[in-house]
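Listed below are the residues making up each chain.
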Amino acid sequence: MSCGVLIVVMELVVQSIYGVEKNLITIEVMKNTILLAGASGSVGFEAFQELMRRRDQYHIRILNLDSKYERRLFQQYQDHVEIIWGNLCNLSDVRQAVRGVDTVIHTAAVIPPLADHDPDLAWQVNLGGTRNLVRAIKESSPASQLVYTSSISVYGDRVENPHIRVGEALRPSLGDE
């Protein structure tokens, strides 16, 4: 199964004067291909579960880091999902994942507390990885849609005032940008 085309082979029993009993007919059904980047995170896994509930409508591809945790997490879905084990910061991995997709849902990010402890990693993934995704989409799937999710972190430290109003200024901390 590639490029969103699902080949369905249906066997029809045909009785005719020619004595034909079986005839194989191949039907191509177009399914939109959706790439989900960051499917193992909180928002990403919720999006993944929703896509799995609708897997009859979409060809699902995910781009995730290759780790023991993620391999265990997605092991049960291997027969239903195309998994690209790669890194958002590696342009060749991203190009492979984006090729032929109709929609990209980008949920991958480094968030606090890791972003606070390793702001360089946060910049590499959150900015560099997003740039790679946009670049790869422009190069190989320019007609595809990009859905970018964000987080409360763009509003900065919310310990004292956790309530956010529409139009409130964005004040991310250094590690959250």
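Residues numbered from 1 in each chain as written. Predicted model: local features only at pLDDT ≥ 70, side-chain atom pairs only at ≥ 80, totals over all residues. Heavy atoms only, no water.

As a further point, take the packing of aromatic side chains. Under the counting rule described, the total for this entry stands at five aromatic pairs. Through a chain of ring-to-ring contacts, the aromatic side chains of Phe45, Phe48, Phe74 and Tyr77 assemble into a single cluster. (Phe/Tyr/Trp six-rings, centres within 6.5 Å; stacked < 30°, edge-to-face > 60°.)

Turning our attention to the nonpolar core. The biggest cluster of nonpolar side chains holds 15 residues, and the ones touching the most others in it are Leu36, Phe48, Ile62, Phe74, Tyr77 and Val81. For this core, the secondary-structure elements that each account for two or more residues are strand S3 (32-37), helix H1 (42-53), strand S4 (58-64) and helix H2 (68-74). Ignoring sequence-local partners within four residues, the contact set of Val81 consists of Phe48, Met52, Ile60 and Ile62. Leu88, Val98, Val104 and Ala108 belong to the second largest nonpolar core, which has 14 residues in total. (Core = buried A, V, L, I, M, F, W, Y, C linked by side-chain atoms within 4.5 Å. Buried < 20%, exposed > 50% of the residue type's maximum accessible area, 1.4 Å probe, protein only. Helix = DSSP H or I, 4+ residues; strand = E, 2+ residues; numbered from the N terminus. Contact = heavy atoms within 4.5 Å.)

Another aspect to go through is the side chain of Asn132. Among the structural elements, Asn132 can be located in helix H5 (residues 119-140). Apart from residues no more than four positions distant in its own chain, Asn132 is found in contact with Leu88, Cys89, Asn90, Leu91 and Val94.

This paragraph deals with the sheet that holds strand S6 (residues 103-106). Taken together, the five strands give an open sheet; going across it, the order is S5-S4-S3-S6-S7, and neighbouring strands pair in parallel fashion. Both outer strands of the open sheet, strand S5 (82-85) and strand S7 (145-148), are each paired with one neighbouring strand and no more. Adjacent strand axes in the sheet meet at a mean angle of 20° when their direction is disregarded. The pairing of S3 with S6 spans four bridges and is parallel. The residue bridging Ala37 from the neighbouring strand is His106, located in S6. Each of S3, S4 and S6 is contacted by H1, which is oriented at about 160° to S3, the strand it contacts most. (Pairing = 2+ DSSP bridges. Axes fitted to C-alpha atoms, helices over the stretch in contact; angles between N-to-C directions.)

What follows covers the packing of helix H3 (residues 91-98) against H5. Direction vectors running N to C along H3 and H5 enclose 50°, while the axes themselves pass 9 Å from each other. Regarding the angle of H3 to H5, the classification is oblique. Along this stretch, H3 crosses H5, giving a crossing that reads as right-handed. Across the interface between the two elements, Leu91, Val94, Arg95 and Val98 of H3 pack against Asn132, Leu133, Arg135, Ala136, Ile137, Glu139 and Ser140 of H5. Residue composition of the contact of H3 with H5, grouped by class: six nonpolar, two polar and three charged. (Parallel < 35°, antiparallel > 145°, perpendicular 65-115°, else oblique. Left-handed = near helix turned anticlockwise from the far one by under 90°. Nonpolar A, V, L, I, M, F, W, Y, C, P; charged D, E, K, R; others polar.)

The subject of this paragraph is the side chain of Arg61. Tracing the sequence through the fold places Arg61 in strand S4. Within the structure, the side chain of Arg61 is placed 2.7 Å from the backbone oxygen of Arg99, a separation counted as a polar contact. Not counting chain neighbours up to four residues away, the residues in contact with Arg61 comprise Thr33, Ile34, Leu35, Leu36, Glu82, Ile84, Gln96, Ala97, Val98, Arg99 and Val101. (Polar contact = N/O pair within 3.5 Å; in protein donor to acceptor, adjacent residues only side chain to side chain.)

This brings us to the pairing of S4. Burial of S4 is extensive: six of the seven residues sit out of reach of the surface. One ladder, built from six bridges, connects S3 with S4; its direction is parallel. Pairing of Leu36 across the sheet is with Ile62, part of S4. You can see the chain leave S3, run along H1 and come back into S4, and the turn it takes is right-handed. By the bridge criterion, four bridges tie S4 to S5 in an arrangement that is parallel. Residue Leu63 lies in a different strand from S5, and its bridge partner there is Ile84. Handedness of the S4-H2-S5 crossover: right-handed. (Right-handed = clockwise from strand over helix to strand, strands pointing away.)

Taken as a whole and judged by the stated rule, the model has six salt bridges. Glu50 is the partner of Arg54 in a salt bridge, and the nearest nitrogen-oxygen pair spans 2.6 Å. Among the ionic pairs, Arg71 bridges to Asp66, the shortest N-O distance being 2.6 Å. Judged by relative accessible area, Arg71 falls into the partly exposed class, the value being 39%. Overall, Asp66 belongs to the partly exposed group, its relative accessible area being 48%. (Salt bridge = Lys/Arg side-chain N within 4 Å of Asp/Glu carboxyl O.)

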